[in-house]
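The primary structure of each chain is shown beneath.
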Amino acid sequence: MDDDLLAPLRLEGVFHSRWQAGSPWGIAGEAEDCALLHYVQEGTCAVELPGAEPVLLHAGDLAVFPHGNAHRLGDRPGRPAVPLSTLLPERPPGGVTTVELGGPGERTVLICGGLHYDRSAISPIYRALPPVLVLDKATLDGHGLLGGTLGRLAGEWDLAEPGAALVALRAFELVFVLALRAAVGELAEGSPVLRALRHPAIGTALHAVQTRFAEPWTVESLAAQAGMSRSAFAATFRELVGEAPIRHLTARRMQEAARLLSETTLAHSRISERVGYHSTVGFHLAFRQWYGTTPGDYRRRWAPGFQED
């Protein structure tokens, strides 16, 4: 499975940075066209994503964002956040910088990397990864090369030796690959989707849901995609994935709708079409049922500066 996940993933460059933040502090990062890594060298850090519970990272923990989803970082959840674009307007592959922000309180030190890759080459298993993967210190310590590489990155940041920048770039690439392997190894035991992707027929249908969710899928058409009868497909899908095919499809559509609401300025009608709803009213009802709030209220929470016509 590691080969299926990583072999097609062609890394093309890394932008990395060191953040020294004193509480109170908060950063709002927009969606990035790359994978992201945040390693907490010192202190604590709260991670918030649209539609998810906050995650608190401690010293020695690593968070990986395989798809570069928009998210917020801060000394605690709900902290007012400064847009990342105002602090680092340019983040070119190969660049490196140090940023200081926040107040006089408890200090947090983060090592961050943005890893650019060829999105056209990513595998179905990679597409199925969740928005964020968290590896705690104990897990990192259990993977000696991964924990050791992160420790060296953090400890040798200020070295001005010849070739140090290139070494750091290659080290971030190594951390990315090792972190994915470690995270997926753990996820495979508890993630029905990753297990189901190994099934030749159900995996085909899951890939269709992940990449072509806007199409008017039914249980019958998904079964045909998998090359199975309707009844056999529905039963096998539920057994492997843990939920009915249409509910899984709805989850994927709602995930994409939340991303578009928080990361783009598309009108609700356009978002409705992009996630497979031909009726805006139907989309609003489905979104409210799924998230417990309207698309408009959701957007105001995660994109407060946006004003829809």
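Residues numbered from 1 in each chain as written. Predicted model: local features only at pLDDT ≥ 70, side-chain atom pairs only at ≥ 80, totals over all residues. Heavy atoms only, no water.

S.K.: Would you mind showing me how to read the overall build of the chain here?
M.R.: A tally of helices and strands in the chain yields 14 helices and 11 strands. Counting over 309 residues, the chain shows a buried share of 50%. Within the chain, counting contacts between residues at least 6 apart in sequence, those at least 24 apart form 77% of the total. Put simply, the chain shows about 14,400 Å² of open surface, and 53% of that area lies on carbon and sulfur atoms. (Helix = DSSP H or I, 4+ residues; strand = E, 2+ residues; numbered from the N terminus. Buried < 20%, exposed > 50% of the residue type's maximum accessible area, 1.4 Å probe, protein only. Contact = heavy atoms within 4.5 Å. Areas by Shrake-Rupley, 256 points an atom, 1.4 Å probe, with all protein chains shown as cover.)

S.K.: Could you clarify how one ought to interpret the nonpolar core in this entry?
M.R.: A general trend in soluble globular proteins is that nonpolar side chains are found buried together. Counting 33 residues, the largest nonpolar core has Ile 202, Leu 206, Phe 233, Ile 271, Val 275, Phe 283 and Phe 287 as the members making the most contacts within it. Secondary structure elements with two or more residues in this core: α8 (200–211), α9 (219–226), α10 (230–241), α11 (245–263), α13 (280–291) and α14 (295–302). The residues touching Phe 233, leaving out its near neighbours within four places in the chain, are Ile 202, Ala 205, Val 219, Leu 222, Ala 223, Ala 226, Met 228 and Pro 245. If you look at the next biggest cluster of nonpolar residues, it comprises 30 residues, including Tyr 39, Val 175, Leu 178 and Ala 183. (Core = buried A, V, L, I, M, F, W, Y, C linked by side-chain atoms within 4.5 Å.)

S.K.: Explanation requested: the sheet that holds strand β2 (residues 26–29) in the structure shown.
M.R.: Strand pairing within a sheet occurs via backbone hydrogen bonds; the two strands may be parallel or antiparallel. The strand order across the open sheet built from 5 strands is β5-β4-β7-β2-β8, with neighbouring strands paired in mixed fashion. Of all the strands in the sheet, just β5 (55–58) and β8 (82–83) have a single pairing partner and so form its edges. Direction of pairing for strand β4 (residues 44–48) relative to strand β7 (residues 71–74): antiparallel, over a ladder of 3 bridges. Among the inter-strand pairings, Val 47 is bridged to a residue of β7, identified as Leu 73. (Pairing = 2+ DSSP bridges.)

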